[in-house]
Amino acid sequence: MNDMKFDNLFLDKLKIPPRSTLYNLEPIGLGTPYAESLTSYISRLSQSHNLKVTTLVCKTFTTLVNKEYIEQAFQTGGFGSSIRYINGNSPVSLEYVSALEELTTRKDLLYLTMNSWSGLFSKNVIGDTRKWCPICLEELKSNGKEVYEPLIWYIKGIDTCDRHQVKLEDKCTNCGKKLQFLHNNLIVGHCQYCSVWLGRDNQKNSTNLSEYEIFLFNTFKPLIENALGLQYIPTKWKIGHVLNKVMKENNFISVTQFAKYFDIHQTMLSNWINNKAKPSIESMFKISNKLNLSIYELFYCNQNWSNINIQGKKSFKRSLLSVKEIENELRKAINDKRNISLHKLSNEKNFSYMTAKRNFPSLCERLKAAYKTNNKVEEILRKDEIDKKLMATLELEPPISFMQFSINTGIPIVNAKRYSPELSKKVIDRYLKFRAEEKAKRFRVIEEEIRNVIFELDRNGIYPGIKTVQKKLSDPNYFIKKEFRTVWEIELEKLGYKNKV
Ligand SMILES: [Zn+2]
Ligand SMILES: [Zn+2]
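Note that the structure is predicted; figures quoted are calculated from it, not measured.

On to helix α4 (residues 68-75). Restricting attention to buried positions, one finds in α4 the residues I70, A73 and F74. Here the buried residues of α4 occupy an arc of 100 degrees about the axis, which is enough to place them on one side. Along its buried surface, α4 packs onto α3 (53-61) and α5 (91-104). Taken from the residues just after α4, G77 is the one with a positive phi, measuring 80 degrees.

Structure, rendered in C-alpha cells:
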C-alpha cells in the first residue's frame, strides 16, 4: 500500500529535466539548394513517431502556438486555411517553426521555410499546394535514399525540375486532386487522399526553362542554400538601402532617370527606395536582369555599388586566371590587408582554389592566417553588437519573441545563441513568461464573461445551458476549448444545477 502511494506521489512530483518531447530528427539537404520543406519534415517526423500528422501537430503544438486562429483550428482537429503559409515567409510559418524547435530542441528548422528572407519579399513566395518532380522522387527511392520534398519545388512560379527539365506535377495522377501542404494522412512522396506513390521513372518530354524560371532558380537556390550560414538577415530596409546606393554611386541624377533605366514606374521605384513598399518578384526580375546580378548577390553579398556592370553588357562567364595572375591576386589581397578567405577570393577573381593551393602554398597560408586573426577581432566586435541588441530587446515593452528579435535586427537565431547564450536565454524566458501571463489574463477575462452571462440568465429564470450561454458570448467559439467548458460546468454546479449538467 505504502509503495503504491509513494509511486503516485513520486510520479506527480518528479520533474523531468527539459529534453526534447519529439525526436531530434535531422532535416535533409540543409545548406544545399534542395533543403527540405517544413511540411516534408513534419511528415517524416510523424512517421518516425508512428503517429498521424494531425495527432502529432494538433496535440503537441497546441500549447505552444500563440495565434488564436491556429489554436482554434487545432482544437477542431484540423489546420485551418492559414496552413498554406506554413513553408513560406509569414507569421504563421514562424509559429510552426518555433513550436517545432521547442519540441525537437533543434535550432535549424527556420531554414526549412523562407522566413530568413522576409525582408526581401512583399508577399509569401510559396504557392498554395504541393508540387513535385516524379523523377526526383523515384530516384531517391531507387537509390535507397530517404524520400523528402525540397522547399524549392513549392516556390510560386517554379514549375519545372531544374535537374530533370521536366514539369513539376501538382495533381495526383491517380485521384486528380491538388494536395494541401499538411494533411492527416500525409506521407512524403505520396498522395494523402489515395496513398498512391507519386514517383515515376518514365521520361516524359523534357521542357526548357523559361527565362523567368531561370531567374527564379538563380534567385531562390542561393537564398535557400545560404540561409543556414547567414551572418545577418536582411531587414525590411535592405532593398531601399541597396537601391539608393546603386543609384547614388552610379551617378544617376534623379529617381526619374534611374526609373527610366529599369523601365519601371518612377513612383514605384521611389516607394522602394524610401522603404514604403517592396518590389514584386516580377519587378525584381527586371532589376536583376538589368544589373546582371542575382537577387542574392544584389541584396545580400557585400558589393561595390559603384560600377556594378551598370550597362549590363559584361558577360557572366569570365575565363579562369592564369597561374601568374593567381599569384598577383594573392599578393594583392595580402598587401591590401583584405579580410577575405581564399575560397571567397577564388570565387571573386575567378581562379581555381586548388590550383592556388598547389602552386602557392605559403601565400595561401599567409592569407589564411591574416583572415583568421581578423576574424577573431570581428568576432569580438560581433559579440558586442549582439549583446547590445539583446539588452535593448530586454527593455522592450511588450516583450517580443526571439524569432521576432532575429527578424528585427537581422541577427540569425543560431548566431545570437552562439555569441550570447545567457542574454538569449533571458530574452526567450522573458517572452515565454509574458506569453503565459497574457494567456492567463485572457483566460480570466473570458471566464468572467462566461460567469456574467450565466448569472444573468439564471437571474432571469432561464436555464444557462451551454448553447444558450454560447449565443450570448462575444465569441461563440470560446467553448471549443475544454477549459472554458469546465468553467461553465463549475458555475452551473455552484448554482445548484448539478444534476442537469
Ligand atoms: Zn527532378
Ligand atoms: Zn491521389
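Let's pick the thread back up.
This part takes up unusual backbone geometry. A cis amide bond, omega -10 degrees, links E397 with the succeeding residue P398. Note that P398 resides in the loop between α16 (361-395) and α17 (402-409). Unlike most non-glycine residues, S195 shows phi in positive territory, near 65 degrees. Looking at the secondary structure, you find S195 in the loop between β2 (166-167) and α7 (211-226). Of the residues examined, S195 has 12 C-beta atoms within 10 Å and is grouped as exposed.

One finds L38, I86, I155 and L182 to be the most contacted residues of the largest nonpolar core, which totals 87 residues. The element best represented in this core is α5, accounting for six residues. Each of domain 1 (23-211) and domain 2 (234-299) accounts for three or more of the residues forming this core. Those residues in contact with L38, other than ones at most four positions away along the chain, are I86, N87, Y96, V97, L109, L112 and T113. Of all hydrophobic cores here, the second largest spans nine residues; its members include I450, I454, V469 and V487.

Moving on: the packing of helix α2 (residues 38-48) against α3. The N-to-C vectors of α2 and α3 enclose an angle of 100 degrees; their axes lie 8 Å apart at closest approach. Between α2 and α3, the crossing angle belongs to the class labelled roughly perpendicular. Residue-level inspection shows I42, S43, L45 and S46 of α2 in contact with α3, the latter providing V53, L56 and V57.

When the parts of a complex come together, some accessible area is lost, and that lost area is often used as the size of the interface. Here the domain parsing of the protein chain yields domain 1 (23-211), domain 2 (234-299), domain 3 (323-395) and domain 4 (431-500). The interface of domain 1 with domain 4 comprises four residues on the first partner and four residues on the second. Partitioning the side of domain 1 that touches domain 4 into residue classes produces no nonpolar, four polar and no charged.

Right, let's talk about the confidence of the model for the protein chain for a bit. Atomic detail in the predicted coordinates should be set aside for any region of low pLDDT. Per-residue pLDDT for the protein chain averages 86, and the proportion of residues at 70 or more is 91%. Below a pLDDT of 50 lies the segment residues 1-17, which in the model reaches zero contacts outside its immediate sequence neighbourhood of four places, other chains included. Note on residues 311-318: pLDDT is under 50 here. Beyond four places in sequence and across chains, it has seven contacts.

Time to look at the environment of L30. Considering the arrangement of structural elements, one finds L30 in the loop between α1 (2-13) and α2. Sequence separation between L30 and D108 is 78 residues; the distance between their C-alpha atoms is 8.6 Å.

Moving on, we come to the environment of E149. Within the secondary structure layout, E149 lies in the loop between α6 (134-142) and β1 (160-161). The exposure class of E149 is buried, given the 28 C-beta atoms found within 10 Å. For the pair E149 and K481, spaced 332 residues apart in the sequence, the C-alpha separation amounts to 34 Å.

Parameters at a glance
- Residues numbered from 1 in each chain as written.
- Chains lettered and ligands numbered in written order.
- Predicted model: local features only at pLDDT ≥ 70, side-chain atom pairs only at ≥ 80, totals over all residues.
- Buried ≥ 20, exposed ≤ 12 C-beta atoms within 10 Å, placed from the backbone.
- Helix = DSSP H or I, 4+ residues; strand = E, 2+ residues; numbered from the N terminus.
- Arc of directions from axis to C-beta.
- Contact = placed C-beta atoms within 7 Å.
- Core = buried A, V, L, I, M, F, W, Y, C linked by C-beta atoms within 7 Å.
- Domains from an automatic or database assignment.
- Axes fitted to C-alpha atoms, helices over the stretch in contact; angles between N-to-C directions.
- Parallel < 35°, antiparallel > 145°, perpendicular 65-115°, else oblique.
- Nonpolar A, V, L, I, M, F, W, Y, C, P; charged D, E, K, R; others polar.
- pLDDT = per-residue confidence, 0-100.

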